[in-house]
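# Fold and contact review
What follows is each chain in one-letter form.
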Amino acid sequence: MDTPAAIRHPLIHQQRFLVTEMNFQLGKIPAPIRIRCYREAGSERVTCEQSHYLQTPLQAEPSFENSDDHPSVDEALAAITDEMVAQYQQAEQAGHRPSDDWLLPSRDFD
């Protein structure tokens, strides 16, 4: 998608367009998780923001998706959710009970 003429100015940077927003629950955790995917203006690059990150009792740090540059929305969503599912299943298999405490809200998601 091209940048609209109304926002083409040297002081305006990183224009992007919302492609999709989705809401889902992970396993037995009742809190909703939201993901927004954007396409960068003038590019096919897809970036995403998520409302929560997963940190199970087995993780020293929350799971963050490694790349912020995806060729498609499907690949971006798969990268994020595949990691969440893997960490969730590992913790559950280790005997941990899923909890809202496993979700850490993103400070950058509004």
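So, a few notes on the structure that sits alongside this text. (Residues numbered from 1 in each chain as written. Predicted model: local features only at pLDDT ≥ 70, side-chain atom pairs only at ≥ 80, totals over all residues. Heavy atoms only, no water.)

Right, let's get into the side chain of Q87. Tracing the backbone shows Q87 in helix α1 (residues 73-93). Residues within four places of Q87 in sequence aside, it is in contact with L54, T56, Q59 and S63. (Helix = DSSP H or I, 4+ residues; strand = E, 2+ residues; numbered from the N terminus. Contact = heavy atoms within 4.5 Å.)

A complete count under the given rule lists eight salt bridges for this structure. Its salt-bridge partner being D69, residue R45 comes within 3.5 Å of it at the nearest N-O pair. With R45 in the loop between β2 (33-40) and β3 (46-50) and D69 in the loop between β4 (52-54) and α1, this residue pair connects regions lying 24 residues apart in the sequence. The network of salt bridges with shared partners includes R16, E21, R34, R36 and E49. (Salt bridge = Lys/Arg side-chain N within 4 Å of Asp/Glu carboxyl O.)

Right, let's get into the sheet that holds strand β1 (residues 16-24). Spatially, β1-β2-β3 is the arrangement adopted by the three strands of the open sheet, whose pairing is antiparallel. What marks the edges here is a single partner per strand, and that holds for β1 and β3. The sheet shows a mean angle of 20 degrees between the axes of neighbouring strands, taken without regard to direction. Note that β2 and β3 share five bridges and pair antiparallel. When the sheet's bridge partners are listed, Y38 is paired in β3 with T47. (Pairing = 2+ DSSP bridges. Axes fitted to C-alpha atoms, helices over the stretch in contact; angles between N-to-C directions.)

This part is about the nonpolar core. Counting residues in each nonpolar core, the largest one holds 19 residues, and the members touching the most others are I29, I35, C37, C48 and L54. Mapped by element, the contributors of at least two residues to this core are β2, β3 and α1. Sort the elements by how many residues they give to this core and α1 lands first, with seven residues. In this view, L54 contacts L26, I29, Q59, P62, S63, M84, Q87, Y88, W102 and L103; residues no more than four positions away in its chain are not counted. (Core = buried A, V, L, I, M, F, W, Y, C linked by side-chain atoms within 4.5 Å. Buried < 20%, exposed > 50% of the residue type's maximum accessible area, 1.4 Å probe, protein only.)

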